[in-house]
Amino acid sequence: LQSSEGVSLNSVFQVCDVTRPLLSVGSICDKGCTVKFNAKEAVVIHEKSGKELERFQRSGGLYTTIMSLKKPEGFPRQGS
């Protein structure tokens, strides 16, 4: 991909097993947030308030964080 500024962007595509939860940048943006990436981290900012919601550190090519997951209400245990 060649941008109008003369910057060439290349990509490598991988197909592999998913071993941890993944977040969709598109879904985050659909909720009214902006995601800013650089070589060290990604930052999620709420557009209306300007408040920083999350910061993901880059590690091994992935932007990662530690999050607590909450079981949705009314969601039965498997095998119940």
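Provided above is the structure to which this section pertains.
All of these numbers come straight from a predicted model, not from anything done at the bench. (Residues numbered from 1 in each chain as written. Predicted model: local features only at pLDDT ≥ 70, side-chain atom pairs only at ≥ 80, totals over all residues. Heavy atoms only, no water.)

A side chain with one charge may pair with a side chain of the opposite charge, provided their charged atoms come close. What the rule picks out here adds up to 2 salt bridges. Here E41 ties to R55 by a salt bridge, and the two come within 2.5 Å at their closest N and O atoms. On the criterion of sequence distance, the pair formed by E41 in strand β2 (residues 41–46) and R55 in strand β3 (residues 52–59) is long-range, its members being 14 residues apart. Between R55 and E52 there is a salt bridge, with its nearest N and O atoms 2.5 Å apart. (Salt bridge = Lys/Arg side-chain N within 4 Å of Asp/Glu carboxyl O. Helix = DSSP H or I, 4+ residues; strand = E, 2+ residues; numbered from the N terminus.)

Turning to the nonpolar core, a few remarks are in order. With 6 residues, the main nonpolar core is built from I28, C33, V35, A42, V44 and F56. Looking at this core, the elements that each hand over two or more residues are β1 (33–37) and β2. Discounting residues that sit within four places of it in the chain, A42 has contacts with V35, K36, F37, E54, R55, F56 and Y63. (Core = buried A, V, L, I, M, F, W, Y, C linked by side-chain atoms within 4.5 Å. Buried < 20%, exposed > 50% of the residue type's maximum accessible area, 1.4 Å probe, protein only. Contact = heavy atoms within 4.5 Å.)

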